[in-house]
Amino acid sequence: MNPIDQAAEWILASRRLVVFTGAGLSTESGIPDFRSPGGVWSRYDPADFDFQNFLASEASREKYWQLATEMYAAIRPARPNAAHQAVYELDRLGKLAAVITQNIDGLHERAGHAPEKIIELHGTALHVTCLQCGKRYERDEIQQRLEQGIKSPVCDDCGGPLKPATISFGQAMPERETREAYRLSSLADLFMVIGSSLVVQPAASLPLAAKRSGARLVIINRDPTPYDDLADLVIPGSAGPILSSLVERVKERLKDQR
Ligand code: NAD
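Predicted, not measured: the structure shown is a model, and the values here were computed from it. (Residues numbered from 1 in each chain as written. Predicted model: local features only at pLDDT ≥ 70, side-chain atom pairs only at ≥ 80, totals over all residues. Heavy atoms only, no water.)

Participant: Tell me about the domain arrangement of the chain, residues and numbers included.
Facilitator: Assigned domains of the chain: these are domain 1 (1-30 + 80-122 + 174-258) and domain 2 (32-77 + 123-166). Placing a centre on the C-alpha atoms of domain 1 and another on those of domain 2 gives a separation of 28 Å. Counting from both sides, the interface comprises 17 residues of domain 1 and, opposite them, 14 residues of domain 2. For the pair domain 1 and domain 2, the summed buried surface comes to about 1,000 Å²; carbon and sulfur atoms form 54% of the total. Between domain 1 and domain 2 we count 0 salt bridges in total. Joining domain 1 to domain 2, the criterion identifies 2 residue pairs in polar contact (both at pLDDT 80 or more). Broken down by class, the residue content of the side of domain 1 that touches domain 2 amounts to 5 nonpolar, 7 polar and 5 charged. (Domains from an automatic or database assignment. Contact = heavy atoms within 4.5 Å. Buried area = accessible area lost by both parts, 1.4 Å probe. Salt bridge = Lys/Arg side-chain N within 4 Å of Asp/Glu carboxyl O. Polar contact = N/O pair within 3.5 Å; in protein donor to acceptor, adjacent residues only side chain to side chain. Nonpolar A, V, L, I, M, F, W, Y, C, P; charged D, E, K, R; others polar.)

What follows is the structure, encoded as structure tokens:
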């Protein structure tokens, strides 16, 4: 059986499909990933973006906001692509238990899912929070301040440092989302990884948790991942075209069944 047909059969048979996505899902929307050639980490040093450094020095905060501004310039105009739409189509067909995403771009929600269906494991770039009092701001409001020349914005209420509501290296994972992601992964009977290098921990341990609890594991990614040997099926290539064909196949089979 060809891999698309195989994955489609597993989706049809599945009762708890969990889709786990990474930056590779959004490259076709024009948002660069981190680890592909030309990705963010080929131009910035990840050590500069450690959370402890952000807390410790004004120079680090300024550098962080510089990278964050570059990322946001790509995120703000981005629209969901064929891959986001295909994942939403699975939801519409009643075939999706949840999306767990490492992405911070809000594109799954914009594709149409109810917010409750989406676990944003690494937060969102669409909001900013004060690290001192927790006050939350719209990202656009803070971005305007940066455009006016402020290099590292502070809270209106308490003067504390503001940071995009995303999770940096060295920063604690959000409790509720992490707990929920492990719960959903261990309940899954089919776990599909799409567009992730599977090297960022603890997120990358979710496929392992799913597999240990008996789920089938499917990986759709352009480059090899450390979990390919563990997977029941690996479909190498671009997420948009692969997922579009996959969803078409699922729909055809659903029609046949009627
Ligand atoms: P990563 O950059 O480590 O890996 C991306 C993977 O996607 C690569 O293995 C690459 O081969 C693959 N890929 C790229 N384009 C693809 C495509 N069109 N189709 C299929 N595969 C494709 O990304 P990651 O594993 O998500 O980890 C990076 C971290 O950085 C995440 O925690 C995330 O929070 C953050 N990040 C988010 C965004 C975003 O929100 N769009 C963008 C960059 C980074």
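Participant: I'd like a rundown of the site of the ligand, residues and numbers included.
Facilitator: Taken together, the neighbourhood of the ligand is formed by 28 residues, with R35, Q102, H122, S197 and D223 sitting nearest. Between the ligand and the protein, one listed contact pairs a nitrogen atom with a side-chain N or O atom of E28 at 2.7 Å. Here an oxygen atom of the ligand sits 2.5 Å away from a polar atom, N or O, in the side chain of D223. Coverage of the ligand by the protein chains reaches 97% of its 850 Å² of free accessible surface. Across the shell around the ligand, the residue classes tally to 8 nonpolar, 14 polar and 6 charged. (Near = heavy atom within 4 Å. Areas by Shrake-Rupley, 256 points an atom, 1.4 Å probe, with all protein chains shown as cover.)

Participant: Which residues make up the pairing of strand β2 (residues 98-101), and what values do they have?
Facilitator: Taking every second residue as pointing to the same face, both faces of β2 are buried, with A98 and I100 on one and V99 and T101 on the other. Two elements, strand β1 (residues 17-21) and β2, share 4 bridges in a ladder whose sense is parallel. Residue F20 lies in a different strand from β2, and its bridge partner there is I100. Where β2 and strand β3 (residues 118-120) come together, 3 bridges link them in parallel fashion. Bridge assignment links T101 to a residue of β3, and that residue is E120. (Buried < 20%, exposed > 50% of the residue type's maximum accessible area, 1.4 Å probe, protein only. Helix = DSSP H or I, 4+ residues; strand = E, 2+ residues; numbered from the N terminus. Pairing = 2+ DSSP bridges.)

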